[in-house]
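One letter stands for each residue in the lines below.
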Amino acid sequence: MRPVHWGDVTAAARALLAAPPEARRPRARAMIEAAHAAHAYMKRTGRGHPRLGNGALQTFARRRTLPPEPPPSDPVYADCLVAVLAALRDWRADPARRPRRRG
């Protein structure tokens, strides 16, 4: 996945606004995985994936129209921001993602 910026986080959080609370983290993780797959595709082919985008989380999140950004004090939006940040943290820490050493 391409480097994550604040715009990526907020776009992903806005995409989660309509999701039920229990679905937010799994959906955030799925968006991250899709962005990662799109980036791998782009590195292999030199062009963006037709459905998944260019590897930026924001590009994937914006596949559909997003609602306007609420203030961070909005409790539902705050929960969505937390879900995205937690999913990013967990995804980065996942041992299955670490490159294997060739010996």
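Draft legend 1. Highlighting the pattern of salt bridges. According to the stated counting rule, one finds three salt bridges in the structure shown. A salt bridge links E33 to R29, with the nearest nitrogen and oxygen atoms 3.1 Å apart. With E33 and R29 both in helix α2 (residues 21–45), this residue pair falls four residues apart, about one helical turn. Note on E33: relative accessible area 33%, which makes it partly exposed. Judged by its relative accessible area of 24%, R29 falls in the partly exposed class. Taking the shortest distance from any N to any O, the salt bridge between R29 and D94 comes out at 2.9 Å. Here D94 lies in the segment after α4 (75–93) and R29 lies in helix α2, a separation of 65 residues in the sequence. Each of R29, E33 and D94 takes part in salt bridges that share partners, so that together they form one network.

Draft legend 2. How the structure looks around the environment of H39. Tracing the backbone through its elements, the reader meets H39 in helix α2. Separated by 29 residues in sequence, H39 and T10 have C-alpha atoms that sit 19 Å apart. Beyond its immediate stretch of four places on either side in the chain, H39 contacts M1, R2, N54 and G55.

Draft legend 3. Seen up close, the nonpolar core. With 25 residues, the main nonpolar core has M1, L16, M31, I32, L57 and V84 as its most contacted residues. Contributions of two or more residues to this core are made by α1 (6–16), α2, α3 (57–61) and α4. Counting residues per element, this core draws most heavily on α4, at eight residues.

What counts and how
The residue count restarts for each chain, going from 1 along the sequence in the order it is written. pLDDT decides what is reported in this predicted model: residues at 70 or higher carry local features, side-chain atom pairs at 80 or more are listed and counted, and totals for whole chains, interfaces and linings draw on all residues regardless. Hydrogens are left out, water is left out, and the side-chain values use all remaining heavy atoms of the structure. Salt bridge, as applied in this entry: a Lys or Arg side-chain nitrogen positioned within 4 Å of an Asp or Glu carboxyl oxygen. Numbering of helices and strands runs from the N terminus, with a helix taken as a DSSP run of H or I at least four residues long and a strand as a DSSP run of E at least two residues long. Under the scheme applied here, a residue whose accessible area is under 20% of the maximum for its type counts as buried, over 50% as exposed, and between as partly exposed, the area being computed with a 1.4 Å probe on protein chains only. Only heavy atoms matter for contacts: two residues are in contact if any of them lie within 4.5 Å across the pair. Joining through side-chain atoms within 4.5 Å is the link that ties buried Ala, Val, Leu, Ile, Met, Phe, Trp, Tyr and Cys residues into a set, and such a set is a nonpolar core.

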